[in-house]
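# Summary of the model geometry
The chain contents come next:
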Amino acid sequence: MSGPRWLVPLALLGALLVAAPLVGLMARASWGELWTLITAPESLEALALSLRTAVASTALVIVLGVPLGFALRAVHGRVRAALRAVLLAPLVLPPVVGGLALLYAFGRRGLIGAPLEDAGISVAYTTAAVVLAQTFVAMPFMVVSIESALAARGERREAIAATLGASRTRILARITLPALGPALATGAVLAFARALGEFGATLTFAGSLAGVTRTAPLEIYLARETDPDAAVALSLVLLVVAVAVVAIAYRPAAMRGVR
Amino acid sequence: MRLRALAALGVACAAALSACAADAAEGDTLTVLAAASLAEVLEPIAASFEDEHPGVDVIASYAGSSDLAAQILEGAPADVFASADEATMDKVADLVTGTPVVFATNTLTIAVPSGNPAVVATLADLADPGIVSVICAPQVPCGTATASLAALAGVTLTPASEEANVTDVLGKVASGQADAGIVYVTDVARSEGVEAVPIEGAEAVVNRYPAAALASSDTPELATAFVDHLSGEAAREALAAAGFGIP
């Protein structure tokens, strides 16, 4: 299907709009110093923190997001529509709004943060706050991925297993989860990428301290003012990761082993 | 005074300069790129300049000084640059006419949430691990000034976060997420939900605001006149009222 010919110039324009900024970023990079800039202590510290927090967030997203995907299938009608709208909101929420929302929930004076603070537990300015912010924005990818995978497959095998006397947990572990493997992987990869790129919520909510809360995007934000070359170098690292992640998550079905 | 609306228009003007010139048929347009901390105070100053120069429209565009310097280096069409520090003005030294004139100064203060819940009294309190403090990162001008002041006072600060700009510090303090932050005196004056705790010896670290006419200006006389106006009587009054120091 190639469509009418007049689609071509519009498609080219669209491609230009998306590709030009990426090329622009590459054009500004000082390639000779790239390795030095990326391996500078501040850059490495920020990248390492980003990697650690994104892995932790992805683990949280799997543990909490998969059950949420199931929950979404378990309810019906308007309840499902409403629940889905709430759960997927972080996906389209402006990052700074997400940050404010987290602040008023888990901040030192927040709905949950204030009682926690009184109990001697402080989330603010810790690496845990970064993971919290990343999980908040990354969770929808897993929920939507699991929900649509569940919707796409029938429940015949589960029904058979149930008539054979298998427990619900056994059915989940032996039949449903293995079948959801590809969806789970896609959800996890996208969640990881989103966590790695999280900026607004972290900046508003977690703060920015080297090695504790200053992830790669925050280091880029800071370096932009003082060391643009370093900012561009770090940006390129995140750009490569982003492109790789999308290539993996949206690889052709044939390569995913879908039956 | 249509300053705010015109600030947005200024961006459009960058794209279509000729169209804007046609709009201001009755006179000239003066584009001023000014540091974000000047946003409120520049409005009355621009208004008094417009009164003295009938037919002239002052369009102000506000951003962080570093961002504005970058815009000038990338060829943004503008007439006057007012920076929040001299180091940033130095970056565009090749693109200004005449010597930059320092028209205002600013000093640091401790900002605390209204009511000062953590009872912060001195700079030394910010070294107390029980007090959550937020400062500017040493890479940016307000952070450099903070570091100098702390060094002079012999205090080792223990910040919970080092932000990229004053606005982010203020946000953390105003929301109560931090017990104290270090910002400029004028930042507290223009913010709600925060109050100032003066720092003893703060006058030892002074931030100086230079302004200069840009070489790319189409109206060099007007641009120079505006730079002079910043040091004039009307401007001095407005600046002092906003908490700025006058050199």
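Look up a bit, the structure's there.
Structure report, in brief. In this text, all values refer to a predicted model and were calculated from it rather than measured experimentally.

The next thing to look at is the interface of chain B and chain A. Bring the parts together and some accessible area is lost; that lost area is often taken as the interface size. Contact with chain B, which involves 25 residues of that partner, is made by 19 residues of chain A. Three residues stand out in chain B for area buried against chain A, namely Gln139, Glu162 and Gln177 of chain B, and they jointly supply 29% of the buried area on that side. The interface formed by chain B and chain A holds 4 salt bridges in total. Between Arg28 of chain A and Glu74 of chain B there is a salt bridge; the shortest N-O distance is 3.1 Å. The interface formed by chain B and chain A contains 10 residue pairs in polar contact (both at pLDDT 80 or more). Those elements that provide at least two residues to the side of chain B that touches chain A are helix H4 (65-73), strand E6 (161-163) and helix H7 (166-174) of chain B. When grouped by side-chain class, the residues that make up the side of chain B that touches chain A number 10 nonpolar, 7 polar and 8 charged.

To continue, consider the state of the cysteines. Residues and elements named next belong to chain B. Applying the stated rule across the entire model yields 1 disulfide over all chains. Residue pairing for Cys136: its cysteine sulfur links by disulfide to Cys142, the two sulfurs lying 2.0 Å apart. Disulfide Cys136 to Cys142: torsion about the S-S bond roughly -95°, handedness left-handed. In terms of burial, Cys136 and Cys142 fall into one category: buried.

Even without being glycine, Tyr125 of chain A reaches a positive phi, approximately 65°. Positionally, Tyr125 of chain A belongs in the loop between helix H6 (113-118) and helix H7 (127-152). Residue class for Tyr125 of chain A comes out buried when judged on its relative accessible area of 8%. Positive phi is not limited to glycine here, since Val119 of chain B has a value of about 50°.

About the thresholds
- Residues numbered from 1 in each chain as written.
- Chains lettered and ligands numbered in written order.
- Predicted model: local features only at pLDDT ≥ 70, side-chain atom pairs only at ≥ 80, totals over all residues.
- Heavy atoms only, no water.
- Contact = heavy atoms within 4.5 Å.
- Buried area = accessible area lost by both parts, 1.4 Å probe.
- Salt bridge = Lys/Arg side-chain N within 4 Å of Asp/Glu carboxyl O.
- Polar contact = N/O pair within 3.5 Å; in protein donor to acceptor, adjacent residues only side chain to side chain.
- Helix = DSSP H or I, 4+ residues; strand = E, 2+ residues; numbered from the N terminus.
- Nonpolar A, V, L, I, M, F, W, Y, C, P; charged D, E, K, R; others polar.
- Disulfide = S-S within 2.5 Å.
- Buried < 20%, exposed > 50% of the residue type's maximum accessible area, 1.4 Å probe, protein only.

Scope: geometric values only; no functional claims are made or implied.
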